[in-house]
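# Coordinates in review
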Amino acid sequence: MKIGIPRTLTYYAYKPLWETFFQDLGCEIVVSEKTSKGILDKGVEFAVNDACIPIKLFHGHVHNIGNRADFIFVPRLINLTGEKTVTYCPKFLGLTDMVRASMPDLPPLLDFRIDLREKWKARRREYERLGCLLGMSPGRIGHAFRSAKRALRSYRRRLSHGNDPERAVAELREHTGIPSLPSRPITLAVVGYPYLLYDDFVNAGLMTKLYNMGIRILTPEMVPERQLLIKAKGLPKDLFWTFSNQVVRSAIYYIDDSRVDGIIHVTAFGCGPDSMVGKLIELEAKQRGVPYVLISLDEHTGEAGILTRLEAFVDMLRYRRGEL
Amino acid sequence: MKITFPHMGGVYIPLKTLFEELQVEVVIPPFNNDEMKGLGCKHSPEYSCLPFKLILGNVLHSLERGADTVIMLGGSGPCRFGYFGHLLNMIARDLGYRFTFICLEPSTLHGDIRDFIKKVGCGYRTFLRALMLGWKKLEAVDGLQKKYWTCLPYSRDKEKSQTVLRNAVDQIAACRSVPEIKSAAAAGSNALDSLRQATDSLPRVAVVGDIYTLNEPYSNQNIEWLLAEQGIEPCRSIYTSGWVKNSLLPWNKKAYYCRAKAFAKGYLEDCIGGFALDTVYHAVSSAETGFDGIVHVFPVTCMPEIVSRQVLEKISLEKKIPIMSLALDEHMERTGVETRVEAFAELLHGKKHNVNQNL
């Protein structure tokens, strides 16, 4: 049995969880190809034109695995933290319906919905239901679920040490001959959603460009969970979106952090939650006098444009330090 | 204390009544216009939706006029509306305004109201009486509006109908007791009826979308008026009073959502926040109750409505009903909307009279 998983949105945050779960159940996993122009074009074709680029890409990725898989895994994640008012962006919540409405010739979508606010152990029960749908025995499902959880934990640990999901930073440096960091590197906190930061096509190679410039990068995943919860108390009210909360809280953490020279906020054009997130970070950074730049990505984002903005920002930081 | 609140259609009438009955001075911003829009756009984040920009414009304008207390509704998401209050509080403070900010959150509603009553120094009875009076006014105004839109396409002198409605609304706004409101509403309703002319029935269109865009004519380019001018009867799916009844009152809430979910089954399986479920529900139910078309209005970058827009395309195909979607933002020009409405109206008239079966 082949399960197709689109390589975007929540994939970057939960990939080992699902991959391990399905593999342990003896399913074959088909992950869509890395984002490319073709995938984007397909996404633009199927998704409604008001949607943001991540949603369009999602449609493209689903199309990409459409004819290679028996089932497509489009999870409806509603609440995974147990916090009462926190869910995901409405577009994530309605993703299954969007895909069903606009892409008729697809293999069946695996029905999967987690809302931890509803009942105790909702997560486990949902995985059990999913396993039953695939015709597995309860014992096997339980085993797969436990090892999936372990995989997610170790993945998060690796992320928190600064490894990006696709490859470790050290490995990147060895293979592509990126110069090792100078003794006192410029340190930038790059905050944004995992599906923007870790998708090299969407962000036009933003992370790689920063590595090449000899900059130390800090990402939201590197902030310890406990610190995030402490920073949450500084906000008048929690945001309603899991990823956005992570971004805002980590941005505030980095603004307070004396190691950080500046903040880059990466956002998608027309992203609803980010209009709030961006302003919150901007106001906070302004108050503390921390340089802040917003980079917004869309279908037409070009490498040159991004590079110019990054260089200008880094030059400004060097000038502030008196290095220029 | 000088209190202010943003506009949303006729909501200023009950709120003004409520605060005036409690002897609180009220600063009402002018009706939304280009100045409000400019002011709001200047200070709001680029991708925030038009409702936020207008609301921010309203609040900043009132703060400039000396208001010292802002009252806003909160929410529990995942639509951005629940964070509007806090964000505009932060933006206004960053601009240097100092004021008291009251945000009515669903989780702390009772406490917030208690604090407010204490601050104003009135009794609970006065408060409840004022609240009831405001509520009756809201119901009366919304009822009148509903009547107005069913009569308008059939009336020859549309300007006159408009004047009649305005006068009636002003009368209701000035009332001091419930019987007065009732008689004013009845008089207004009769006056509107008398302007109606008997003609063939016109195509009916359901106007669906989020509550702000539906109820604030400035933000939807007065879409209902444009439709009525083209000889189409608009039917707004959500009125503020109806929403309060269905979604805020705990004893109605569950039944309403069960009904909505039943209708939306197969299109939208979950309540995804904002008014997406309502939009899909009203679209399906109006397709099944013999409406001739659907107009979907929503602000650009509105997250829930983008989902419902994509789902509406499927409804349009399966239920064979024409749907026009209008994403509105501060750059929308009246001419562009007019052209689209004209084309849509032509299509509906053609369909109704079987001019062209292929349409």
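Residues numbered from 1 in each chain as written. Chains lettered and ligands numbered in written order. Predicted model: local features only at pLDDT ≥ 70, side-chain atom pairs only at ≥ 80, totals over all residues. Heavy atoms only, no water.

## A few points about the sheet that holds strand β4 (residues 100-104) of chain B
Residues and elements named next belong to chain B. Spatial ordering of the open sheet is given by β2-β1-β3-β4, a layout of four strands whose pairing is parallel. Here the strands that pair on one side only, and so sit at the sheet edges, are β2 (25-27) and β4. For this sheet the average axis-to-axis angle between neighbouring strands, irrespective of direction, equals 30°. Taken together, the three bridges between strand β1 (residues 2-4) and β2 define a ladder with parallel strand orientation. Following the sheet pairing, Ile 3 is matched in β2 by Val 26. In the packing of helix α5 (residues 109-120) onto the sheet, the strands contacted are β1 and β4, and the crossing angle to β4 comes to about 140°. (Pairing = 2+ DSSP bridges. Helix = DSSP H or I, 4+ residues; strand = E, 2+ residues; numbered from the N terminus. Axes fitted to C-alpha atoms, helices over the stretch in contact; angles between N-to-C directions. Contact = heavy atoms within 4.5 Å.)

## Side note on the confidence of the model for chain B
Averaged over every residue, the pLDDT of chain B is 91; the share at 70 or more is 99%. Taking the mean pLDDT of every element in chain B, the minimum, 88, falls on α5 of chain B and the maximum, 95, on strand β5 (residues 204-209) of chain B. (pLDDT = per-residue confidence, 0-100.)

## Digging into the domain arrangement of chain B
Residue and element names in this part refer to chain B. Its domain assignment divides chain B into domain 1 (2-122), domain 2 (136-199) and domain 3 (201-359). Here the C-alpha centroids of domain 1 and domain 3 sit 27 Å apart. At the junction of the two partners, domain 1 supplies 21 residues and domain 3 supplies 21 residues. Of the roughly 1,700 Å² buried between domain 1 and domain 3, counting both surfaces, carbon and sulfur atoms make up 66%. Our count for the domain 1 to domain 3 interface comes out at one salt bridge. In this structure, Lys 53 engages Glu 330 in a salt bridge whose closest nitrogen and oxygen atoms are separated by 2.9 Å. At the boundary of domain 1 and domain 3, one finds nine residue pairs in polar contact (both at pLDDT 80 or more). In terms of residue count, the dominant contributor to the side of domain 1 that touches domain 3 is helix α3 (residues 50-64) (five residues). Counted by class, the side of domain 1 that touches domain 3 contains 12 nonpolar, five polar and four charged residues. (Domains from an automatic or database assignment. Buried area = accessible area lost by both parts, 1.4 Å probe. Salt bridge = Lys/Arg side-chain N within 4 Å of Asp/Glu carboxyl O. Polar contact = N/O pair within 3.5 Å; in protein donor to acceptor, adjacent residues only side chain to side chain. Nonpolar A, V, L, I, M, F, W, Y, C, P; charged D, E, K, R; others polar.)

## Some remarks on the interface of chain B and chain A
Across the boundary between the two partners, chain B contributes 37 residues, which contact 43 residues of chain A. Across the chain B/chain A interface, buried area totals approximately 3,300 Å², and carbon plus sulfur atoms make up 68% of it. It is Tyr 47, Tyr 83 and Gln 310 of chain B that lose the most area in chain B upon contact with chain A, and together they represent 24% of the buried surface on that side. The partner of Asp 270 of chain B in a salt bridge is Arg 76 of chain A, and the shortest N-O contact between them spans 3.8 Å.

## Here's the deal with the pattern of salt bridges
Counted under the stated rule, the structure contains 32 salt bridges over all chains. Put simply, Arg 76, Asp 97 and Arg 113 of chain A together with Asp 270 of chain B are held in one network by salt bridges that share partners.

## A closer look at the side chain of Ser 250 of chain A
Residues and elements named next belong to chain A. Note on placement: Ser 250 falls in helix α12 (residues 242-256). Relative accessible area serves as the criterion here: at 0%, Ser 250 is assigned to the buried category. Reaching out from Ser 250, the side chain makes a polar contact with the backbone oxygen of Gln 246 at a distance of 2.8 Å. In this structure Ser 250 touches Val 191, Pro 220, Val 223 and Leu 228, once residues within four positions along its chain are discounted. (Buried < 20%, exposed > 50% of the residue type's maximum accessible area, 1.4 Å probe, protein only.)

## Quick word on a positive patch on the surface
All names here are of chain A. On the surface, a cluster of positive charge is contributed by Lys 121, Arg 123, Arg 125, Arg 146, Lys 149, Arg 150, Arg 153, Arg 156 and Arg 157. Among the secondary structure elements, those contributing two or more residues to the positive patch are α6 (122-133) and α7 (138-160). At six residues, the largest contribution of residues to the positive patch is made by α7. With respect to the helices and strands, Arg 153 occurs in helix α7. Accessibility expressed as a relative area gives 52% for Arg 153, which makes it exposed. (Patch = residues over 30% accessible without salt bridge, like charges linked within 9 Å, V, L, I, M, F, W, Y side chains within 5 Å. Areas by Shrake-Rupley, 256 points an atom, 1.4 Å probe, with all protein chains shown as cover. Lys, Arg positive; Asp, Glu negative; His and termini not counted. Charge placed at Lys NZ, Arg CZ, Asp CG, Glu CD.)

## Notes on the state of the cysteines
Summed over the entire model, instances satisfying the criterion amount to zero disulfides over all chains. Cysteine Cys 89 of chain A shares no disulfide, and the gap to the nearest cysteine sulfur, in Cys 271 of chain A, comes to 6.5 Å. Left unpaired, Cys 49 of chain B is separated from the closest cysteine sulfur, that of Cys 302 of chain B, by 6.4 Å. (Disulfide = S-S within 2.5 Å.)

## Observations concerning the domain arrangement of chain A
All names here are of chain A. The assigned domain composition of chain A is domain 1 (2-159) and domain 2 (167-321). Its C-alpha centre places domain 1 at a distance of 26 Å from the equivalent point of domain 2. It is Tyr 12, Ile 53 and Leu 159 in domain 1 that bury the most area against domain 2; as a group they hold 27% of the surface buried on that side. At the junction of domain 1 with domain 2, the criterion picks out one salt bridge. Across the domain 1-domain 2 interface, the total number found is four residue pairs in polar contact (both at pLDDT 80 or more). Residue assignment for the side of domain 1 that touches domain 2 shows that the elements contributing at least two residues are α1 (11-24), α2 (37-46), α3 (53-66) and α4 (90-93). A per-element tally of the side of domain 1 that touches domain 2 places α3 first, with four residues. Taken together, the residues that form the side of domain 1 that touches domain 2 break down as 15 nonpolar, seven polar and four charged.

## Things to note about the pairing of strand β8 (residues 323-328) of chain B
Residue and element names in this part refer to chain B. Taking burial as the measure, the six residues of β8 include five buried ones, the bulk of the element. The pairing of strand β7 (residues 293-299) with β8 spans six bridges and is parallel. Residue pairing for β8: Pro 299 is matched across the bridge by Leu 328. In terms of handedness, the path from β7 via helix α14 (residues 303-319) over to β8 forms a crossover that is right-handed. (Right-handed = clockwise from strand over helix to strand, strands pointing away.)

## A few points about the confidence of the model for chain A
Counting all residues, the mean pLDDT for chain A is 85, and 93% of those residues have values of 70 or more. When the elements of chain A are averaged for pLDDT, helix α8 (residues 169-176) of chain A gives the smallest value, 44, and strand β9 (residues 262-268) of chain A the largest, 93.

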